[in-house]
Amino acid sequence: MPTLILDNGSYSIKGGYATDEYPRLIPNVITRTKRTKRVYVGDLIDTSTDISGLYYRSPFERGFLTKWDCELAVWDRVFSNDVLGCTPISTDLIVSEPMFNFGQIQRSVDEIAFEEYRFASLVRAPATRLAAIGAGHTIYGDNGGEPECVLVVDIGHSFAYVVPYFQGRQISESVRRVDVGGRMLTSYLKETVSFRYWDMMDETYIMNAVKEKCCFVSSDFYRDLDAACGCIGGRSGKNSLGLEYVLPDFTNSKCGYIKGQGGEAEQQAVDTEAQVLPLCNERFAIPEALFHPVDVGLEQGGIHQAVVQTVMACSENLRGVLMANILLVGGTAALPGLQQRLQSEVQAMSPYRVCISIPEDPATGAWQGGRMLAQGQTVPEEASYTPATVAEWRLTRAQYQELGPDRAAAHFMKFI
């Protein structure tokens, strides 16, 4: 029986079967265009050229799934023959959930999976738990199984979580959260650019593309800030930090491109007068909010401080191992330079040797962990414990009907 892994993130759904090497990424949102008022579910927005001033309706609010009518519409699209071609009644499902998810939301997920879609079986776990299962592949290499001790740093769309795991169990009292994620950075970039250059407050789709293509994490913020002094985008000539982003004309380009790197779209638009967005210190000043949330009005420490606080809240015997086994995942973790900066910041605050590993695609870290769980994860030879298997974790539809919603939720809690 096929197993479908669904990493149900607040920004995008990473979905695919255990036999797939990589998942498909589907926006977890319903969008409506400003001009034509057409509604697009999930990845259907890719078929539209009218992406200026999009209205978004997300199933998630403050990182938790609250709008089920919206989520069901997206799931219907994901399970359709046009996307994953899923037949739920003959498919096992592994689905992710947010950290410290509310009990009512957990019961709703179970009920919809078994009674609405009638999946054959279900495994439900936090995204960080699934990422921990696949951590050995990233930290130790191809033959590495789930580490006995691992610290997962998940920088997602809504929040950044730092979660320690020991022998496959979450150390809940040591978990820390930073209220800065990809959505906050995009909003911060929109406000900064709108104040300095063009009014982009309604252009979330475009500014998210600008963030992903142009922003990076500085290894030395004040050095780069001095280097960027007097720079206005690419117009300063030789300043390596400045660039110009050509905004889309919705004919040759849909999301825009960096000037000089636009390829075919830039060649076709050579005779047209393009709108250019100059960028310089915005490229590295925006992601700096991950390390200094006070920049966006949050009285919190940065992710490097959250890592140290989490480790120091754990048993002294685990601290050195946790520092050596840090796994960085989440869509925002793909920012260039983030891994190196985080490692240097944490090392400066820690007496232990710090080693931070990051998957090839950090956005799919949880999905890859779910895939390893479905395929039967390997166990390191020196492991002093036996990780839970998918057969133990899985709850069938018959078992759900026998146990009821409350005891079904308690079943999944045993493996977190």
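Rules of the game
- Residues numbered from 1 in each chain as written.
- Predicted model: local features only at pLDDT ≥ 70, side-chain atom pairs only at ≥ 80, totals over all residues.
- Heavy atoms only, no water.
- Helix = DSSP H or I, 4+ residues; strand = E, 2+ residues; numbered from the N terminus.
- Buried < 20%, exposed > 50% of the residue type's maximum accessible area, 1.4 Å probe, protein only.
- Contact = heavy atoms within 4.5 Å.
- Areas by Shrake-Rupley, 256 points an atom, 1.4 Å probe, with all protein chains shown as cover.
- Lys, Arg positive; Asp, Glu negative; His and termini not counted.
- Charge placed at Lys NZ, Arg CZ, Asp CG, Glu CD.
- Salt bridge = Lys/Arg side-chain N within 4 Å of Asp/Glu carboxyl O.
- Pairing = 2+ DSSP bridges.
- Core = buried A, V, L, I, M, F, W, Y, C linked by side-chain atoms within 4.5 Å.
- Axes fitted to C-alpha atoms, helices over the stretch in contact; angles between N-to-C directions.

J.: Please clarify how the overall build of the protein should be interpreted in this entry.
T.: Along the protein, the regular secondary structure elements total 16 helices and 20 strands. Within the protein, the proportion of its 416 residues that are buried is 57%. The long-range share in the protein, meaning contacts at least 24 apart out of those at least 6 apart in sequence, stands at 66%. Total accessible area computed for the protein in this model is approximately 18,600 Å², and 49% of it derives from carbon and sulfur atoms. The average position of the 37 basic charges and that of the 50 acidic charges among the side chains of the protein differ by 3 Å.

J.: Where do I start with the pattern of salt bridges in this structure?
T.: Oppositely charged side chains can form a pair if their charged atoms are brought close together. Scanning the model with the defined rule gives 17 salt bridges in all. With its nearest N and O atoms 2.8 Å apart, the salt bridge here joins D179 to R177. According to the relative accessible area criterion, R177 is partly exposed, its value standing at 37%. Here the residues in one salt-bridge network are R24, D43, R77 and D82, joined through shared partners.

J.: Which parts of the structure should I look at to understand the pairing of strand 2 (residues 12-17)?
T.: Within a regular strand, the side chains alternate between the two sheet faces. Counted residue by residue, strand 2 has six buried out of six residues, so it is predominantly covered. Examined bridge by bridge, strand 1 (residues 3-8) and strand 2 share five bridges and lie antiparallel to one another. Bridged to N8 within strand 2 is I13. Here strand 1 folds back onto strand 2, and the loop between the two strands holds three residues.

J.: What's the story with the nonpolar core in this structure? I'm lost.
T.: What tends to happen in soluble globular proteins is that the nonpolar side chains get buried as a cluster. One finds Y245, L290, I303 and L338 to be the most contacted residues of the largest nonpolar core, which totals 54 residues. Of all the elements, helix 6 (residues 204-214) adds the most residues to this core, at six residues. Each residue touching L338, except ones within four places of it in the same chain, is listed here: I155, V217, L290, F291, I303, L328, T332 and A333. In this structure, C86, L122, A374 and L395 belong to the second largest nonpolar core, which totals 50 residues.

J.: Please clarify how the environment of W68 should be interpreted in this entry.
T.: Looking at the secondary structure, you find W68 in helix 1 (residues 68-79). Its relative accessible area of 16% is what places W68 among the buried residues. Taking the C-alpha atoms as reference, W68 lies 9.5 Å from V109; in sequence the two are 41 residues apart. Beyond its immediate sequence surroundings of up to four residues, W68 is in contact with W75, I105, S108, V109 and I112.

J.: Help me understand the pairing of strand 12 (residues 160-166) in this model?
T.: Within strand 12, six of the seven residues are buried, leaving the element largely enclosed by the surrounding structure. Here strand 11 (residues 149-155) pairs with strand 12 via seven bridges, running antiparallel. Opposite V152, over in strand 12, you have V163 as the bridge partner. As judged from the three bridges shared by strand 12 and strand 14 (residues 176-178), these two strands associate in the antiparallel manner. From the neighbouring strand, V162 faces strand 14, where its bridge partner is R176. Alignment of strand 12 against strand 13 (residues 169-170), held across two bridges, turns out to be antiparallel. Bridge assignment links Y165 to a residue of strand 13, and that residue is Q170. Linking two consecutive strands that pair antiparallel, namely strand 12 and strand 13, is a turn of two residues; a positive phi of about 50° is found at Q167 within it.

J.: How should I be thinking about the sheet that holds strand 5 (residues 39-41) in this particular structure?
T.: The strands making up a sheet associate through hydrogen bonds between their backbones, and the pairing can be parallel or antiparallel. Here three strands make up an open sheet; going across it, the order is 5-4-6 and the pairing antiparallel. Each edge of the open sheet carries a strand with a single partner, namely strand 5 and strand 6 (55-57). On average, adjacent strands in this sheet sit at an angle of 20° to one another, irrespective of strand direction. Here three bridges tie strand 4 (residues 30-32) to strand 5, and the two strands are oriented antiparallel to one another. Along strand 5, the bridge assignment pairs I30 with V41.

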